[in-house]
Amino acid sequence: MSQLTLLLWVLNVLVDTVGQLAFKAAALSGTPYSGMAHWRHMLTHKWIWVGIFSYVFEFLLWLAFLSLVPLSVGVMLGSINIVAIMVVGRIWFKESLSKWRLIGILLIACGVLVVGIE
C-alpha cells in the first residue's frame with residue numbers, strides 16, 4: 001500500500017469517526033422540543049454541523065481512496081471504522097463493550113489485517 005493510500009485510509013477512519021461521534025453528541029443534546037421543532041433546534045447545534053461537514057469530507061476521502069485500491073479491498077479496509085467508532089464511543093460516551101462486541105472488534109480487526117497484508 002502506498003503512502004498516499006495509507007494516508008487516505010487513516011484520514012477516512014478519523015473523519016468518519018468524528019462524524020459518527022458528532023451525530024451521537026447532537027442526538028444526545030436533549031432538547032425540550034418534539035417533532036419538527038426538535039429537528040429545527042438540532043440544526044442550530046454545532047455537533048450536527050460537525051457531523052455533516054465530516055461526512056462531506058469523508059465522502060471525498062473515500063472517493064480518493066477507492067480510486068487507488070480495488071473495491072473489495074477498500075470496503076474491507078473501510079470496515080475498521082466500526083472498530084474505531086466502538087472504541088471511541090466507549091471512551092467518549094461510556095458505552096459498554098460486551099464480550100460479544102469485543103469478539104466482533106477482534107474479528108473485524110483480523111479481517112482488516114488479512115486484507116491489508118495483501
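Before any of the text, the structure's been laid out above.
Nothing here was measured: the structure is a model prediction, and the numbers come from that model.

Parameters at a glance
- Residues numbered from 1 in each chain as written.
- Predicted model: local features only at pLDDT ≥ 70, side-chain atom pairs only at ≥ 80, totals over all residues.
- Heavy atoms only, no water.
- Axes fitted to C-alpha atoms, helices over the stretch in contact; angles between N-to-C directions.
- Helix = DSSP H or I, 4+ residues; strand = E, 2+ residues; numbered from the N terminus.
- Parallel < 35°, antiparallel > 145°, perpendicular 65-115°, else oblique.
- Left-handed = near helix turned anticlockwise from the far one by under 90°.
- Contact = heavy atoms within 4.5 Å.
- Nonpolar A, V, L, I, M, F, W, Y, C, P; charged D, E, K, R; others polar.
- Expected span 1.5 Å × (residues − 1).
- Buried < 20%, exposed > 50% of the residue type's maximum accessible area, 1.4 Å probe, protein only.
- Arc of directions from axis to C-beta.

*Asks:* What is the right way to look at the packing of helix α1 (residues 3–28) against helix α5 (residues 80–93) in this model?
*Replies:* For any two helices packed against each other, the geometry is given by the interaxial angle and the distance between the axes. Look at α1 against α5: their axes get within 9 Å of each other, and the N-to-C directions meet at 45°. By the criterion of interaxial angle, the relationship of α1 to α5 is oblique. Our pair here, α1 against α5, has a crossing hand that is right-handed. Between α1 and α5, the residues in contact are W9, N12, V13, D16, T17, Q20, L21, K24, A25 and L28 and I80, N81, A84, I85, V88, G89, W92 and F93, respectively. Counted by class, the contact of α1 with α5 contains eleven nonpolar, five polar and two charged residues.

*Asks:* Would you take a moment to explain helix α6 (residues 99–117) for this structure?
*Replies:* Since the α-helix packs 3.6 residues into each turn, any two residues three or four apart lie on the same face. For α6, which comprises 19 residues, the first-to-last C-alpha distance of 27 Å matches the rise-based estimate of 27 Å (1.5 Å per residue) to within 8%. Among all positions in α6, only I105, V112 and V115 are buried. Each buried residue of α6 lies within a common arc of 100° when the element is viewed along its axis, so the set occupies one face. In this structure, α6 carries K99, W100, L106, L107, L113, V114 and I117 as exposed residues pointing more than 90 degrees from its buried face. Buried residues belonging to α6 abut α1, α4 (71–78) and α5.

*Asks:* How do you make sense of the side chain of N12 when you look at a structure like this?
*Replies:* Tracing the backbone shows N12 in helix α1. You can call N12 buried: its relative accessible area is 1%.

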